[in-house]
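For reference, the chains in residue letters:
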Amino acid sequence: MKRHLISAADLSRGDAVLILDTAEELASLADRPIKKLPTLRGRTVVNLFYEDSTRTRISFEAAAKRLSADVINFSAKGSSVAKGESLKDTALTLEAMGADAVIIRHGASGAAHRLAGWVRGSVLNAGDGTHEHPTQALLDAFTIRRRLMASRGGQGGIRVSSPRASTVGAAGARGAGLDGLRVTIVGDVLHSRVARSNVLLLSTLGAEVTLAAPPTLLPLAVGSWPCAVSYDLDSELPKSDVVMMLRVQQERMNAAYFPSVREYSRRYGLDAARMARLPGHAIVMHPGPMNRGVEIAAEVADSVRSTIVEQVANGVTTRMAVLYLLLGGTEFPATGEVR
Amino acid sequence: MTGDGSWLIRGVTIPGRDEKATSILIAGGSVTAIGPDLDHPGATTIDAGGLIALPGLVDLHTHLREPGREDAETVETGTAAAALGGYTAVHAMANTDPVADTAGVVEQVWRLGRTAGHCDVQPVGAVTVGLGGVRLAELGTMADSAARVRVFSDDGRCVSDPLLMRRALEYVKAFDGVIAQHAQDPRLTEGAQLNEGEMSARLGLAGWPAVAEEAIIARDCLLAAHVGSALHLCHVSTAGSAEIIRWAKSKGWPVTAEVTPHHLLLTDELAAGYDPVFKVNPPLRTEADVAELRRALADGTIDCVATDHAPHPVEAKESEWAEAAFGMTGLETALRVVQRAMVETGLLDWAGVADRMSVRPARIGRLTGHGHPLTPGAPGHLTLYDPAAPAEAVTSAGASKSRNTPFAGMELPGRVVATFLRGVPAVLDGKLA
Amino acid sequence: MCAASNPVAGRDGLAVLDPEEIRRALTRIAHEILERTHGGDGVILLGIPTRGVPLARRLAARIGEFEGLDVPCGSLDVTMHRDDLRLHPARALGRTELPPGGVDGKTVVLVDDVLYSGRTVRAALDALNDLGRPRAVQLAVLVDRGHRELPIRADYVGKNLPTSQREVVHVLLTEVDVQDSVTISGEEGKP
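Residues numbered from 1 in each chain as written. Chains lettered and ligands numbered in written order. Predicted model: local features only at pLDDT ≥ 70, side-chain atom pairs only at ≥ 80, totals over all residues.

### With respect to the overall build of chain A
Logical step 1: Within chain A, the regular secondary structure consists of 12 helices and 9 strands.
Logical step 2: Computed over C-alpha atoms, the radius of gyration of chain A comes to 20 Å, within 12% of the 20 Å expected from 2.2 N^0.38 for 339 residues, which places it in the range of a compact globule.
Logical step 3: The principal-axis extents of the C-alpha atoms in chain A amount to approximately 55 × 55 × 40 Å.
Logical step 4: Counted over contacts in chain A with a minimum sequence separation of 6, partners at least 24 positions apart contribute 73%. (Helix = DSSP H or I, 4+ residues; strand = E, 2+ residues; numbered from the N terminus. Rg over C-alpha atoms; globule rule 2.2 N^0.38 Å. Contact = placed C-beta atoms within 7 Å.)

Here it is in structure tokens:
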């Protein structure tokens, strides 16, 4: 029984498609006068954020509130945690408060796993160290599917004719994965939880994933991952339907991962010239926050190919879908596949 | 108590002698007679049918934590755990607080051991002052002290400066000392959490590459050969390390090595749930490493098993992985793990176990009173073990103050029945005497 | 009250309505809707997934044939408003698609295949409430099998079918299931 969402590897293809389809149905909520559903009324959702991340926390908070859940925000600064309270003791406090779900962001890989051992409710991993960030991968997959699969048409689902073409397009993607799409993820894969979750989830959904990075920023064991590897970004661009840029921290330069920001940018940065070499339909993504001018040029970030802004809106919708499927019933529905 | 203090152990098998059951008479602190039909009127008799007798085990690598970390372990509780594990002597590592880098601290530890009385405690002296890796500690003074230190180690830290390592190796030749190196290049392992490999990549934990151990081992073997001094390698954990040691020994170089029980049985796959009970330095590695380490122990490339018993209080092992302390307990389970990993697999017989867990470690540690094969005249250090005891799940509750055993819940064979120290039982029927 | 057809044992149990009877029932309902809404003025049809949706489309088509009137048609998924969510694993959501004019001021005719406890319709009323303010809400169902648990009734009924709670009513429609039929069988009843 799926009680938690800690790693993208927890999701089978059926699970992932169900989440995307559910998000698709919830997306129209944003256009309604009453942006609320009663489904999680009476449930308590706790945001346990040890790392400063207003953006992700607000996304989860909005998602929970739109489903009528009660939200409690627990941020590490200035709390007993800052005074050195252990993760275990914090977990026990949350248990005593009757949290139905805890959404945790933490600087240590594995924190979500540990928490799951100490609370009875559901644990949603909002990013643990350099391990995983599964809801980011889900919203990325949702964004890709909406932009690129809708026109191809999906399978299954009942089509209801309507003059609103974009809705038909979106409805057409229902039931579909990302089969055959080629996604290139660029940047500091070694330290990226977004990269790990995306490699797992996108390949589960049938996409072909390629990692493009200098060898120092790829884990030694990357050969065992379900993706290809390239040290040459330029050769990957003409074949890519999606280019996903990862944030590169300038401090990595001091640990000798690359010689200078300038050289990194020159070899792996997505500037306007590189963007022009992408196929016409290709999209550019970034989980944020961006280092404009390092991994991504300003004009690329602001171009029509860029999905950076809609990724934010899709984040709320996708997180609503996850919260509903985990907490709305007695358990996450079985999709007939084993993970 | 009735009798004259002597003990007659009946029906026991001594591996390495003929495999028939025999009897052992212990009196006056020594083994006085061995034979099939011994009798001694004043002796207390032990019916040891089905048991084997090993010379008292000797651990070259234990952390007793006292002075300084008595919340994790004391000399009293650590040596009690050792005796329950069949040990009659343990080498207490120097990374205490204060560090054992002076005669004063090593003599304190030595005295605490004698007072506790469960097993002999041989203090290990630090190589450098405060384990700082900068200046040699007063190795000669520690050697001359009541503790008679012969093994020196900065364990916990690597003596990474090649010049300092050379000097230390040369200096201890004067008093037949040996430098025990914790091989870990600090620059290659900054912030390292887990063996660098598929698991570390998947789990998002900073990797501890095998080469960081192997490069130091290769360097130090060459140094030991160059200056002609004894080098001992602590807790060897990789297949590559074993191969380098095999090569060094083939050249006749004065190198010895130890392996822990956990590195003979466990792999980094256990880290999947991020339970820090599996966090240890050096880290658990892969199946291939475990297989090669077993082979190397079997053919003698690795000389002995040493527990690296590293107790930690509960809160140090209950947090997220990166925050948790490195280390596993091991004294009470060592012999059972070795039975599972080496005897049950047919790689080593019990005579070989006696050699690797008593004779050779005593020789490497220059402990003249221990590690004697059981013959008339040998000191009365002896372990009675039941290899046929039904496999039982390991509990984390034992004599050690700490609970961080990676074997909790695992079914392991065998049972230590009795441990004799200088002819007096420290453990009888599996309990402290 | 419809004329009772001779029950014929089929693969799923006893036949209640054959394709011809279904067709006639829908034709009748279409006429009734036109009668009671002054010729379909301001009417929109919202089918409740799954099978309410093709039924709504068929009714819209019929009304179009009879009156040349283009009745807006859509779907209303009620999953998120159900009162029994906590009793089962979370369910997959159906499509909600409102016609362009929305529901404000309209006469909304909800369409579903079977009316049973009435809880689905109550959930539909709650869902509708969050979407706007219709002038009126009516209910059309193919089969009313009784056993209401809430004060809810249908305005338009294809067939009244007295059942016991142990029986199961199966509605198949070609858009979803390849054939048209309504049968009843004696398995463990589902609410």
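So that's the structure; there's more coming.
### A word on the interface of chain C and chain A
Logical step 1: With 22 residues of chain C at the interface, the matching set in chain A holds 26 residues.
Logical step 2: Among the secondary structure elements, those contributing two or more residues to the side of chain C that touches chain A are strand 4 (73-75) and helix 3 (119-131) of chain C.
Logical step 3: Taken together, the residues that form the side of chain C that touches chain A break down as 10 nonpolar, 6 polar and 6 charged. (Nonpolar A, V, L, I, M, F, W, Y, C, P; charged D, E, K, R; others polar.)

### Digging into the interface of chain B and chain A
Logical step 1: Taken together, the contact between chain B and chain A spans 17 residues of the former and 21 residues of the latter.
Logical step 2: The biggest single contributor to the side of chain B that touches chain A is helix 5 (residues 198-203) of chain B, with 3 residues.
Logical step 3: Class assignment of the residues belonging to the side of chain B that touches chain A gives a composition of 6 nonpolar, 5 polar and 6 charged.

### Points about the domain arrangement of chain A
Residues and elements named next belong to chain A.
Logical step 1: Structurally, chain A comprises domain 1 (8-132 + 312-327) and domain 2 (135-310).
Logical step 2: One C-alpha centre belongs to domain 1, the other to domain 2; they are set 24 Å apart.
Logical step 3: Listed by partner, the interface residues are 27 residues for domain 1 and 24 residues for domain 2.
Logical step 4: Of all the elements in the fold, those that place two or more residues in the side of domain 1 that touches domain 2 are helix 1 (13-26), strand 4 (122-128) and helix 12 (308-327).
Logical step 5: The element that contributes the greatest number of residues to the side of domain 1 that touches domain 2 is helix 1, accounting for 8 residues.
Logical step 6: Split by residue class, the side of domain 1 that touches domain 2 holds 13 nonpolar, 7 polar and 7 charged. (Domains from an automatic or database assignment.)

### Focus on the arrangement of the chains
Logical step 1: With 2 pairs of chains in contact, the largest contact count belongs to chains A and C.
Logical step 2: The two units chain B and chain C never meet; even their closest C-alpha atoms stay 26 Å apart.

### Quick look at the environment of B:Asp161
All names here are of chain B.
Logical step 1: Considering the arrangement of structural elements, one finds Asp161 in the loop between strand 9 (151-152) and helix 4 (162-171).
Logical step 2: The class for Asp161 is partly exposed, based on 13 C-beta atoms found within 10 Å.
Logical step 3: With 138 residues separating them along the chain, Asp161 and Asp299 place their C-alpha atoms 32 Å apart. (Buried ≥ 20, exposed ≤ 12 C-beta atoms within 10 Å, placed from the backbone.)

### Thoughts on the confidence of the model for chain A
Logical step 1: Summing up the model confidence of chain A, the mean pLDDT is 89 and the portion of residues at 70 or higher is 90%.
Logical step 2: The low-confidence segment residues 153-169 of chain A, where pLDDT is below 50, has 31 contacts with residues more than four positions distant or belonging to other chains. (pLDDT = per-residue confidence, 0-100.)

### Considering the nonpolar core
Logical step 1: With 247 residues, the main nonpolar core has A:Val102, A:Ala141, A:Val186, A:Leu323, B:Ala53 and B:Phe152 as its most contacted residues.
Logical step 2: Among the elements that make up this core, the one with the highest residue count is helix 12 of chain A (9 residues).
Logical step 3: When neighbours within four sequence positions are excluded, A:Val102 is seen to be in contact with A:Val46, A:Leu48, A:Leu94, A:Leu115, A:Val119, A:Gly121 and A:Val123.
Logical step 4: Counting 49 residues, the second-largest nonpolar core is a separate cluster that includes C:Ile33, C:Ile44, C:Leu45 and C:Val171. (Core = buried A, V, L, I, M, F, W, Y, C linked by C-beta atoms within 7 Å.)

### Examining unusual backbone geometry
All names here are of chain B.
Logical step 1: Cis geometry marks the peptide bond from Glu66 to Pro67, where omega comes out at 5°.
Logical step 2: Looking along the chain, the bond that leaves Asn281 and enters Pro282 is cis, with omega of -5°.
Logical step 3: Of note, the phi angle at Tyr274 is positive, near 60°, even though the residue is not glycine.
Logical step 4: If you trace the backbone, Tyr274 turns up in the loop between strand 14 (255-259) and helix 8 (287-298).
Logical step 5: Tyr274 gets classed as buried once you count the C-beta atoms within 10 Å, which come to 27.
Logical step 6: In this model, Asp308 sits at a positive phi of 50°, which is unusual for a non-glycine residue.
Logical step 7: Looking at where Asp308 falls in the secondary structure, it is placed in the loop between strand 15 (304-305) and helix 9 (334-343).

### Things to note about the domain arrangement of chain B
All names here are of chain B.
Logical step 1: For chain B, the assigned domains are domain 1 (7-52 + 378-432) and domain 2 (57-364).
Logical step 2: Contacts between domain 1 and domain 2 engage 27 residues on the former and 40 residues on the latter.
Logical step 3: Elements with a minimum of two residues in the side of domain 1 that touches domain 2: strand 16 (382-386), strand 19 (415-421) and strand 20 (424-428).
Logical step 4: Here the side of domain 1 that touches domain 2 takes 3 residues from strand 19, the largest share from any one element.
Logical step 5: Taken together, the residues of the side of domain 1 that touches domain 2 break down into 15 nonpolar, 10 polar and 2 charged.

### Digging into the sheet that holds strand 20 of chain B
Residues and elements named next belong to chain B.
Logical step 1: Strands sit in the order 5-16-19-20-21 across an open sheet of 5 strands; the sheet is antiparallel. With one partner strand each, in any of the chains shown, strand 5 (52-55) and strand 21 (431-432) form the two edges of the open sheet.
Logical step 2: In terms of strand pairing, strand 5 meets strand 16 through 4 bridges, oriented antiparallel. Across the sheet, Ile52 pairs through a bridge with Tyr385, a residue of strand 16. (Pairing = 2+ DSSP bridges.)

### A word on the sheet that holds strand 3 (residues 43-47) of chain C
Residues and elements named next belong to chain C.
Logical step 1: With parallel pairing, the 5 strands of this open sheet are ordered in space as 4-3-5-6-7. Every interior strand has two partners, whereas the edge strands, strand 4 and strand 7 (156-160), have only one. In this sheet, neighbouring strand axes are inclined to one another by 25° on average, regardless of whether the strands run parallel or antiparallel.
Logical step 2: Across 4 bridges, strand 6 (residues 136-144) lies against strand 7 in parallel orientation. Among the inter-strand pairings, Val143 is bridged to a residue of strand 7, identified as Lys159.
Logical step 3: Across the face of the sheet, helix 1 (residues 19-36) comes into contact with strand 3, strand 5 (107-115), strand 6 and strand 7 while running at roughly 150° to strand 7. (Axes fitted to C-alpha atoms, helices over the stretch in contact; angles between N-to-C directions.)

### Re the packing of helix 7 (residues 239-250) of chain B against helix 8 of chain B
Residue and element names in this part refer to chain B.
Logical step 1: Interhelical geometry of helix 7 versus helix 8 gives an angle of 30° and a closest axis separation of 8 Å. Classed by the angle they form, the pair helix 7 and helix 8 counts as roughly parallel. Contact residues: Ala239, Ala242 and Arg246 in helix 7; Ala288, Asp289, Glu292, Leu293 and Ala296 in helix 8. (Parallel < 35°, antiparallel > 145°, perpendicular 65-115°, else oblique.)

### Concerning helix 10 (residues 350-364) of chain B
In an α-helix there are 3.6 residues to a turn, and that puts residues three or four apart on one side.
All names here are of chain B.
Logical step 1: For helix 10, which comprises 15 residues, the first-to-last C-alpha distance of 20 Å matches the rise-based estimate of 21 Å (1.5 Å per residue) to within 8%.
Logical step 2: For helix 10, the buried fraction is high: 12 of the 15 residues fall into the buried class.
Logical step 3: Among the residues of helix 10, Trp350, Val353, Ala354, Asp355, Arg356, Met357, Ser358, Val359, Arg360, Pro361, Ala362 and Ile364 are the ones counted as buried.
Logical step 4: Downstream of helix 10 by one or two residues, Arg366 has phi in the positive range, about 55°. (Expected span 1.5 Å × (residues − 1).)

### What to know about the confidence of the model for chain B
Logical step 1: Residues at a pLDDT of 70 or more form 100% of chain B, whose mean pLDDT is 96.
Logical step 2: Listed scores for the predicted complex are pTM 0.90 and ipTM 0.87.

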